[in-house]
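Residues per chain are reported as follows:
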Amino acid sequence: MAVYWCTEALPLSVTALLPIILFPFLGILPSNKVCPQYFLDTNFLFLSGLIMASAIEEWNLHRRIALKVLMLVGVQPTSKDCPEAEAPLDCKKEGEYHRNIWKGFLISIPYSASIGGTATLTGTAPNLILLGQLKSFFPQCDVVNFGSWFIFAFPLMLLFLLAGWLWISFLYGGMSLRGWRRKKKSEIKTDAEDRARAVIREEFQNLGPIKFAEQAVFTLFCMFAILLFSRDPKFIPGWASFFTPGFLSDAVTGVAIVTVLFFFPSQRPSLKWWFDFKASNAETEPLLTWKKVQDTVPWNIILLLGGGFAMAKGCEESGLSAWIGGQLHPLENVPPPLAVLLITVVVAFFTEFASNTATIIIFLPVLAELAIRLRVHPLYLMVPGTVSCSYAFMLPVSTPPNSIAFASGHLLVKDMVRTGLLMNLMGVLLLSLAMNTWAQTIFQLGTFPDWADIHSANITSLPSALPNDTFRTL
C-alpha cells in the first residue's frame, strides 16, 4: 500500500480500500474490525468541518470576508505599462521588478495554504491521521484535541508565516531599498490603484447587503470554533466536564453544530406565521441542503483517512509495530532533540515526492515505536513528524496548491526549488524550537506517560522502570 500511495498506481482513495480486501484474506484482521476504522469519530470531525465550509461557500460568506479584507488593507497593483518618458533600460528593469513581485504573490499562496493548514486539527489530513492513530496505538491518550493542538500550532504557524513573508519579500523584491524609499507615485501607478480599488468596491457592492443566511452561518461557524476550543482546553476545565467523562469528543461538537445547518431557515422567520391561518405553508429553504453537501464535500478524503487508520490497526494487530520497534534498537542512543531534528528533515524531504497523507501513514507507526524505544513521550516524535508532512515547498508535485500555482505558467521549477529550500529549513528549525519550548507544557512532554507505558508493556518487552530520557541532553 505504501508503494501504491507513493506512486499513485491506483487512485489514492481506491488504494485506501485495499485493507478491507487484503486483511481478512491474509488473516491479519477480520472484516468486522477493519471496516469500523473507516468511520472513526476523527472522520466525523473532519466531515463536520467540510460541511461547515460548504455552508460558508453556499452563501458567499467567504467572498464577502475576502473582499472586505482587501478593502481594509488596500491594494497596490503592479503595472505592466512603462511611461514613455522613461529610458528603455529603466522600463526593462521596471518590468522585471513587477514580474518578480507577481512571482512572489503566486508562490506565497500555496505556501501560506500549507502552513496555515497546520494550525487546526481539521486544517489538513495528517493532523487528523495523527489523532486517529493515537487512539489506535494509545487508546488512553487524551492529550491531543482541537483546543490543545491550536494552542500549540497557532504560534508556530504565525512564526513560520512571518519568516516566510520576510524570505519571499526579500527574494522577489518586495522588501528592498527601493520598496522603502519614499517616491512620488507615477500617474499610471496611481490610476492602477484607483481602478483596482474601484473593482473591489464594485464586487463587494454586487453582493448586496448582508443576508440573514450569511449572519446565521457566521454565527454557527463562531459557535463551531468556540465549542471545539473550549471542550477540553487542558489548562482549565472545559464544558465537557459537565458530562460523563470519555463520552464527548470533538466529533460530537462538530456534528451537533453542522446538523443545525440542515433545518435552520435561510430566511428570517416571522412570528406572524403562527397566528396567520392564511399564511403560506411552503417549505422554507434551510441554510444547507444535503444535495449541496453531496456535490461539494470531497468524500474521497474520508476514505483516505479511513485507509490510514485501518493500516495502523493492521500494523498493531499483526505485530509489525513490535517488529519495527526491534529493528530500531541501534537508535536508542540518539539524543531525543537530535531525533526530532532528523525526523523533521527526513519527513519533510520524503513528502516532497509523496502526498502528505501517504507520508504520515507510513511514518507514524515507526515514530510511535521509536518513541517507545527511546523512552520519550510519543508525542515528542509523532507531532513533529505530522507537522513536517505539510512542509512541502520545493516541487510543483509536492502539494495540490503548489501544482495550481505552477500551472499558472508564471513560475519555473527553479523558482520553487530556490524558494522552498530555505522554507523547508526554516520550518524544520521552527518546529524543533516549538517542540523543545512551549509544546512541553501543552502536551506534558517532560514525562513518559502511563498510557505509553501500558503500550510498551503490551507490545514490546521493554521494562517500564527505566527513567524518562526526553531531555537528558538539554
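Numbering of residues starts from 1 in each chain and follows the order in which that chain's sequence is written. Totals for whole chains, interfaces and linings use every residue, but because this is a predicted model, local features are given only for residues with pLDDT of at least 70 and side-chain atom pairs only at 80 or more, for both listing and counting. The side-chain figures draw on all heavy atoms in the structure; neither hydrogens nor water molecules are used.

Caption draft 1: Representation of the overall build of the protein chain within the structure. Secondary structure elements follow DSSP: runs of H or I of four or more residues count as helices, runs of E of two or more count as strands, with numbering from the N terminus. For the protein chain, the count of helices and strands is 23 helices and zero strands. A burial count over the protein chain gives 46% of its 474 residues as buried. We call two residues in contact when some of their heavy atoms are within 4.5 Å. In the protein chain, the proportion of contacts linking residues at least 24 apart, taken out of those at least 6 apart, comes to 80%. Of the roughly 24,400 Å² of accessible surface on the protein chain, a fraction of 66% belongs to carbon and sulfur atoms. Partly exposed residues are those whose accessible area sits between 20% and 50% of the maximum for their type, while under 20% is buried and over 50% is exposed, using a 1.4 Å probe and protein chains only. Working definition of accessibility: Shrake-Rupley area with a 1.4 Å probe, residue cover restricted to the visible protein chains.

Caption draft 2: Geometry of the nonpolar core. Here, nonpolar core refers to any group of buried Ala, Val, Leu, Ile, Met, Phe, Trp, Tyr and Cys residues whose side-chain atoms link them within 4.5 Å. Core analysis: the biggest nonpolar cluster contains 105 residues, and Phe 138, Phe 152, Leu 381 and Phe 443 have the highest contact counts within it. When residues of this core are assigned to their parent elements, the largest contribution, 11 residues, is made by helix H9 (residues 146–171). In this structure Phe 152 touches Val 383, Val 387, Leu 431, Ala 434, Met 435, Trp 438, Ala 439, Ile 442 and Phe 443, once residues within four positions along its chain are discounted.

Caption draft 3: Structural view of unusual backbone geometry. With a phi angle near 60°, Asn 60 is a residue other than glycine that sits in the positive phi range. Structurally, Asn 60 can be placed in the loop between helix H5 (41–58) and helix H6 (61–73). What makes Asn 60 partly exposed here is its relative accessible area of 34%.

Caption draft 4: Looking closely at the pattern of salt bridges. By definition here, a salt bridge exists when the distance from a side-chain nitrogen of Lys or Arg to a carboxyl oxygen of Asp or Glu is within 4 Å. According to the stated counting rule, one finds nine salt bridges in the structure shown. The closest approach of N and O atoms between Arg 63 and Glu 203, which form a salt bridge, is 2.6 Å. On the criterion of sequence distance, the pair formed by Arg 63 in helix H6 and Glu 203 in helix H11 (residues 187–206) is long-range, its members being 140 residues apart. The partner of Lys 211 in a salt bridge is Glu 214, with the nearest N and O atoms 3.8 Å apart.

Caption draft 5: The side chain of Thr 42, seen in detail. Tracing the chain through its elements places Thr 42 in helix H5. The buried category is assigned to Thr 42, whose relative accessible area is 1%.

Caption draft 6: Broad picture of the packing of H5 against helix H8 (residues 125–137). Lines fitted to C-alpha atoms define the axes, with helix axes restricted to the stretch in contact, and inter-axis angles between N-to-C directions lie between 0 and 180 degrees. Put simply, H5 and H8 touch, their axes get as near as 9 Å, and they point 160° apart. Our classification of the angle between H5 and H8 gives roughly antiparallel. Between H5 and H8 the crossing geometry is right-handed. Across from Asp 41, Thr 42, Leu 45 and Phe 46 in H5, the residues of H8 making contact are Leu 128, Leu 131, Gly 132 and Lys 135. In this classification, the charged set is Asp, Glu, Lys and Arg, the nonpolar set is Ala, Val, Leu, Ile, Met, Phe, Trp, Tyr, Cys and Pro, and all remaining amino acids, among them Gly, are polar. Residue composition of the contact of H5 with H8, grouped by class: four nonpolar, two polar and two charged. Throughout this description, any angle smaller than 35 degrees is read as roughly parallel, any larger than 145 degrees as roughly antiparallel, any in the 65 to 115 degree range as roughly perpendicular, and the remainder as oblique. Should the near helix be turned counterclockwise from the far one by less than a right angle, the crossing is left-handed, whereas a clockwise turn marks it as right-handed.

Caption draft 7: Region of interest: the environment of Tyr 380. Here Tyr 380 lies in helix H19 (residues 378–388). Between the C-alpha atom of Tyr 380 and that of Phe 443, which follows or precedes it by 63 residues, the distance is 8.6 Å.

Caption draft 8: Here's a closer look at the packing of aromatic side chains. Whether two aromatic rings pair depends on their centres lying within 6.5 Å, for rings of Phe, Tyr and Trp, where Trp uses its six-membered ring; planes under 30 degrees apart make the pair stacked, over 60 edge-to-face, and the rest tilted. In the structure shown here, the tally under the stated rule is 19 aromatic pairs. Ring geometry for Phe 39 versus Phe 44: centroids 6.2 Å apart, planes at 40°, classification tilted. By way of ring pairs, the aromatic residues Tyr 111, Phe 160, Tyr 391 and Phe 393 are connected into one cluster. Criterion for a charge above a ring: Arg CZ or Lys NZ at most 6 Å from the ring centre, at most 35 degrees from the ring normal. Its end group placed over the ring of Phe 204, Arg 64 keeps NZ or CZ at 5.7 Å from the ring centre. A cation over an aromatic ring shows up here: Arg 375 above the ring of Phe 448, its NZ or CZ 4.0 Å from the ring centre.

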